[in-house]
Amino acid sequence: PAEVVPQAPEDPLFGLMRAYKADSSPDKVDLGIGAYRDDNAKPWVLPVVKKADEILRNDPEANHEYLPIAGLAALTGKAAELLLGKAAPAIAEKRAASVQTISGTGAVHLGALFLAKFYKIQGSNRTVYVSNPTWANHHQIFTNVGLPIATYPYFSKETKGLDFDGMKAALEQAPNGSIILLHACAHNPTGVDPTPEQWREIASLMKAKKHFPFFDTAYQGFASGDLDRDAGAIRLFVEQGFELVIAQSFAKNFGLYGERAGCFHYVAPPSADAAGITTRVASQLAILQRSEISNPPIYGARIASIVLNDAALFAEWQENLRTMSGRIINMRNKLRAKLEELGTPGQWNHITDQIGMFSFTGLSEPQVLKLRSDYHIYMTKNGRISMAGLNSRNVDYVATAVDKVVRE
Ligand code: LMR
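Residues numbered from 1 in each chain as written. Predicted model: local features only at pLDDT ≥ 70, side-chain atom pairs only at ≥ 80, totals over all residues.

Worth spelling out the cut-off: UniProt positions are given in the numbering used here, feature names are shortened, and annotations may be inferred rather than shown by experiment.
The name that an unreviewed UniProt entry assigns to the chain is Aspartate aminotransferase, with the source organism given as Parachaetomium inaequale. Quoted verbatim from the Sequence similarities (unreviewed entry) heading of the UniProt record, the comment on the chain is "Belongs to the class-I pyridoxal-phosphate-dependent aminotransferase family." As recorded by UniProt, the Cofactor (unreviewed entry) comment attached to the chain reads in full: "pyridoxal 5'-phosphate".

Shown next, in the form of structure tokens:
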């Protein structure tokens, strides 16, 4: 292959991180990658994670042996409960097959690989419909396994909210049985989520069209501070009896970014043979997993499972989640208030209407590049900002810089 391998472009997000690190300005602000920062712009090891780490380090039984192919059972079972609800019939009826993965990316990939191999129902369409825009990595994960991608409208440039009519029309027009990728909460990159009422409409439309839901959830508990609320869309679809899959990341809600902890779940529709279907699916997932990563990494999985299996630590985790989501909501309020105080041209209500790690500001690419070159403020070219990069010291600086570039 040596002569035929072309140079690929650098990953835009990790390229941005590199450029930020290389910038020597004391004013620089990182609003790029979606990773939580505290009010001092520092990564935050969750206090509950520190406690779990301590427990792990003092465990005389802990070692560095291989996990089973499907991962740590003490994690995957609780992870499914976290998503579907403890008392969910889908759990009681053993309708979920869960596999530990290399965080959310690995889960999306395992799901994509599974569908590429088995989504061959007669007459169904193997195209994966993703929102426009979506997390950039979705495109390459699905195309890399040979599943074609199409997009459905999602973001309205006018309202900087949901283009609900456009979304519904596209789901209606997609051939029956299409795979539809949905962000369970805190949509990346827009921060725009359907309301519970809109989710109900999406579910009934998808039911009528026999579409296949593929949920990506990376922000449960991080978005609203309420784990159940952030799982609302997934639970609605499961209650409606869909066969579906879920990619679940623990990077953001546990702050375990580099540890690559996550799970992939397949949920069978209710049927007399549901447990049999789940067993067969699990056996195939094990083959795919074995050929790709053999078995998943152990450290982050243990940390998350210690927390998920202990009532007191679980309660503390919820506190930590409220700290993170609360600080972000506070920054949304401050940024909007400052822009409005400055009289910055345009409407800024979307900053506080949007939810989760990101805000889709509506800034144009030239404005984004000007913020980078003149003010050392780093965000992705589509105008997405990671809200966690804002803090009480830099929020006025960022608002003032945005005000200046918007007026130019
Ligand atoms: C992001 O979108 O910034 C995060 O989800 C990090 C990533 O892996 O892209």
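Having put the structure on the table, let's press on.
## Examining the site of the ligand
What counts, and what does not: Nearness here is judged by the C-beta atom: place it from the backbone, and if it falls within 6 Å of a molecule or strand, the residue counts as near that partner. For this scheme, ten residues count as nonpolar: Ala, Val, Leu, Ile, Met, Phe, Trp, Tyr, Cys and Pro. Four count as charged, namely Asp, Glu, Lys and Arg, and the remainder, Gly too, count as polar. Each domain's extent is set by a domain assignment, obtained either automatically or from a database.
In the vicinity of the ligand, the contacting residues are L13, I33, G34, W135, N137 and N188. Of the residues that constitute the shell around the ligand, the class distribution is three nonpolar, three polar and no charged. Looking at which domains feed residues into the shell around the ligand, each of domain 1 (12–44 + 326–407) and domain 2 (73–309) supplies at least three.

## A few points about the environment of S373
Rule in force here: Only DSSP runs of H or I covering at least 4 residues are called helices, and only runs of E covering at least 2 are called strands; the numbering of each starts at the N terminus. Three classes are used. A residue is buried when 20 or more other C-beta atoms lie within 10 Å of its own, exposed when 12 or fewer do, and partly exposed in between, with C-beta atoms placed from the backbone.
Residue position: S373 is located in helix α15 (residues 365–375). Given 9 C-beta atoms within 10 Å, S373 falls into the exposed group. For the pair formed by S373 and D310, sequence separation is 63 residues and the distance between their alpha carbons is 48 Å.

## Quick word on the sheet that holds strand β7 (residues 244–249)
The condition is simple: Strand pairing is assigned whenever DSSP detects at least two bridges linking the two strands. Angular values range over 0 to 180 degrees, each being the angle between N-to-C directions of two axes fitted as lines to C-alpha atoms, with helices fitted over their stretch in contact.
Here we have seven strands laid out as an open sheet, ordered β2-β8-β7-β6-β5-β3-β4, and mixed in their pairing. The two strands at the open ends of the sheet, each matched to only one other strand, are β2 (96–102) and β4 (149–153). On average, each strand axis in the sheet is tilted by 25° relative to the strand beside it, whichever way the strands run. Inspection of the sheet shows β7 paired to strand β8 (residues 261–267) by six bridges, in the antiparallel sense. Bridge pairing in β8 links Q248 to C263.

## Things to note about the pairing of β7
A regular strand places its side chains so that they alternate between the two faces of the sheet. Of all the six residues making up β7, six are buried; the element is thus mostly covered by neighbouring parts of the structure. Along β7, one buried face is formed by L244, I246 and Q248 and the opposite face, lined by V245, A247 and S249, is buried too. Note that strand β6 (residues 212–217) and β7 share four bridges and pair parallel. What sits directly across from T217, in β7, is Q248.

## A closer look at unusual backbone geometry
Generally, phi is negative for residues other than glycine and the peptide bonds are trans, each holding for most cases. Cis geometry marks the peptide bond from N132 to P133, where omega comes out at 5°. Tracing the backbone through its elements, the reader meets P133 in the loop between β3 (128–132) and α6 (136–144). Phi at K94 is positive, roughly 55°, even though this residue is not glycine. The topology assignment puts K94 in the loop between α4 (89–92) and β2. With 14 C-beta atoms counted inside 10 Å, the residue K94 sits in the partly exposed group. Of note in the backbone geometry, K160 takes a positive phi value of approximately 55° without being a glycine.

## A look at the packing of helix α13 (residues 311–342) against helix α16 (residues 395–407)
Rules: For classification purposes, an angle smaller than 35 degrees is called roughly parallel, one larger than 145 roughly antiparallel, one from 65 to 115 roughly perpendicular, and anything else oblique. Handedness of a helix crossing follows the sense of rotation of the near helix relative to the far helix, less than a right angle counterclockwise being left-handed and clockwise being right-handed. By definition, residue pairs are in contact when their C-beta atoms, positioned from the backbone, come within 7 Å.
Running from N to C, α13 and α16 cross one another at 45°; their axes reach a closest spacing of 9 Å. Viewed along their axes, α13 and α16 adopt a mutual orientation that is oblique. Helix-helix and strand crossings are classified by hand; for α13 and α16 the assignment is right-handed. Where α13 approaches α16, its residues M331, K334, L335, K338, L339 and L342 are matched on the opposing element by V395, D396, V398, A399, T400, V402 and D403. Tallied by class, the residues present in the contact of α13 with α16 amount to eight nonpolar, one polar and four charged.

## Side note on the nonpolar core
As a reminder, the rule being used: Think of a nonpolar core as buried Ala, Val, Leu, Ile, Met, Phe, Trp, Tyr and Cys residues, each tied to the set through C-beta atoms within 7 Å.
Ranked by size, the top nonpolar core spans 113 residues in total, and within it I180, I234, A304 and V398 carry the most contacts. It is α13 that contributes the most residues to this core, seven residues altogether. Three or more residues apiece are contributed to this core by two domains, here domain 1 (12–44 + 326–407) and domain 2 (73–309). When residues no more than four places from it in sequence are discounted, the contact partners of A304 are L75, F250, F254, L256 and A261.

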